[in-house]
Amino acid sequence: MSVEIRELDLGASGIADEVVVLQRASYRVEADLLGARTLPVLRESPRRLRRTREQFLGAYEGDRLVGAVSWKRSGPLVDIHRLVVHPDRFRRGIAGALLDALEALQPDAERWTVATGAVNEPARRLYESHGFVPVGEQLVDGSIKILTYERRAATA
């Protein structure tokens, strides 16, 4: 089944709830990969999610939300805050399709940033395949290495 990607309005009935359910399933897998008992997004409520002021795209299979990407735009910078896919839909090209759709929606962006756990090989491969390069790392909770990736627009 192919996915349909569309903008999400977190203020619409039930949308924030769907995103929270999806991200809890997805980030539970990442928490396990990172060796973390929990991550802050695993406790995020729909109300708190709406307050982030992030913009969202969702990937749907029929009526089911199977993936989402969120970002904030600041001038020429697009900062990707979350990219989640339901675990039963991993490795089906959904995350890549969401990144492609976001790139098409923000064609004038000059710089893109995103972060992921250093041990999250699937996420790292995805970002690197989309032209992102690691530009920094930090330790969170004393033991979880987070890599920051960046991509700059090609200059004409």
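Structural notes, computed from the coordinates. As the structure is a computational prediction, the values presented were derived from the model and not from experiment. (Residues numbered from 1 in each chain as written. Predicted model: local features only at pLDDT ≥ 70, side-chain atom pairs only at ≥ 80, totals over all residues. Heavy atoms only, no water.)

1. Observations regarding the overall build of the chain
Piece 1. Scanning the chain from N- to C-terminus turns up four helices and seven strands.
Piece 2. Order of helices (α) and strands (β) in the chain, N terminus to C terminus: β-α-α-β-β-β-α-β-α-β-β.
Piece 3. Taken along the three principal axes of its C-alpha coordinates, the chain extends 40 × 40 × 30 Å.
Piece 4. Within the span of the chain, comprising 156 residues, buried residues form 44% of the whole.
Piece 5. Counted over contacts in the chain with a minimum sequence separation of 6, partners at least 24 positions apart contribute 59%. (Helix = DSSP H or I, 4+ residues; strand = E, 2+ residues; numbered from the N terminus. Buried < 20%, exposed > 50% of the residue type's maximum accessible area, 1.4 Å probe, protein only. Contact = heavy atoms within 4.5 Å.)

2. Quick look at the side chain of Arg82
Piece 1. Position of Arg82 relative to the elements: it lies in strand β4 (residues 77-85).
Piece 2. With relative accessibility at 7%, the residue Arg82 sits in the buried group.
Piece 3. Within the structure, Arg82 has its side chain in polar contact with the side chain of Glu54 (distance 2.8 Å). (Polar contact = N/O pair within 3.5 Å; in protein donor to acceptor, adjacent residues only side chain to side chain.)

3. Remarks on the packing of aromatic side chains
Piece 1. Scanning the entire structure with this criterion turns up two aromatic pairs.
Piece 2. Arranged with centres 5.8 Å apart and planes meeting at 65°, the rings of Tyr127 and Phe132 form a pair that is edge-to-face. Take Tyr127 and Phe132: they sit in the same class, and that class is buried.
Piece 3. In textbook terms, an aromatic cluster arises when at least three aromatic residues are bridged by ring pairs, as seen for Tyr127, Phe132 and Tyr149.
Piece 4. Note that Arg6 overlies the ring of Tyr60, its terminal NZ or CZ placed 3.7 Å from the centroid. (Phe/Tyr/Trp six-rings, centres within 6.5 Å; stacked < 30°, edge-to-face > 60°. Lys NZ or Arg CZ within 6 Å of the ring centre and 35° of its normal.)

4. So, the nonpolar core
Piece 1. In terms of nonpolar packing, the biggest core is built from 24 residues, with Ile80, Leu83, Leu102 and Tyr127 touching the most fellow members.
Piece 2. Listed by contribution, the elements that provide at least two residues to this core are β2 (55-61), β3 (64-74), β4, α3 (94-105), β5 (111-117), α4 (121-129) and β7 (144-152).
Piece 3. Not counting chain neighbours up to four residues away, the residues in contact with Ile80 comprise Val69, Ser70, Trp71, Leu99, Leu102, Trp112, Thr113, Val114 and Phe132.
Piece 4. Core analysis: the second largest hydrophobic core is formed by 21 residues, Ala16, Tyr27, Ala31 and Ala36 among them. (Core = buried A, V, L, I, M, F, W, Y, C linked by side-chain atoms within 4.5 Å.)

5. Considering the side chain of Asn120
Piece 1. With respect to the helices, strands and loops of the structure, Asn120 is situated in the loop between β5 and α4.
Piece 2. A polar contact of 3.2 Å, which involves the side chain of Asn120, links it to the backbone nitrogen of Ala123.

6. Let's talk about the pattern of salt bridges
Piece 1. Taken as a whole and judged by the stated rule, the model has 13 salt bridges.
Piece 2. The closest approach of N and O atoms between Arg89 and Glu61, which form a salt bridge, is 2.6 Å. With a gap of 28 residues between them, Arg89 in the loop between β4 and α3 and Glu61 in strand β2 connect regions that are remote in the sequence. Like Arg89, the residue Glu61 is buried in the burial classification.
Piece 3. The partner of Asp108 in a salt bridge is Arg73, with the nearest N and O atoms 3.1 Å apart. A residue pair is termed long-range when its members are at least 10 positions apart, and Asp108 in the loop between α3 and β5 and Arg73 in strand β3 qualify at 35 residues.
Piece 4. The network of salt bridges with shared partners includes Glu61, Arg64, Asp88 and Arg89. (Salt bridge = Lys/Arg side-chain N within 4 Å of Asp/Glu carboxyl O.)

7. So, the environment of Leu126
Piece 1. Examined against the element boundaries, Leu126 turns out to sit in helix α4.
Piece 2. A sequence separation of 111 residues divides Leu126 from Ile15, and the C-alpha atoms of the two residues are 26 Å apart.
Piece 3. Residues contacting Leu126, with those up to four places away along its chain left out, are Leu83, Ala95, Gly96 and Leu99.

Take it as geometry only, folks, not as evidence of what the structure does.
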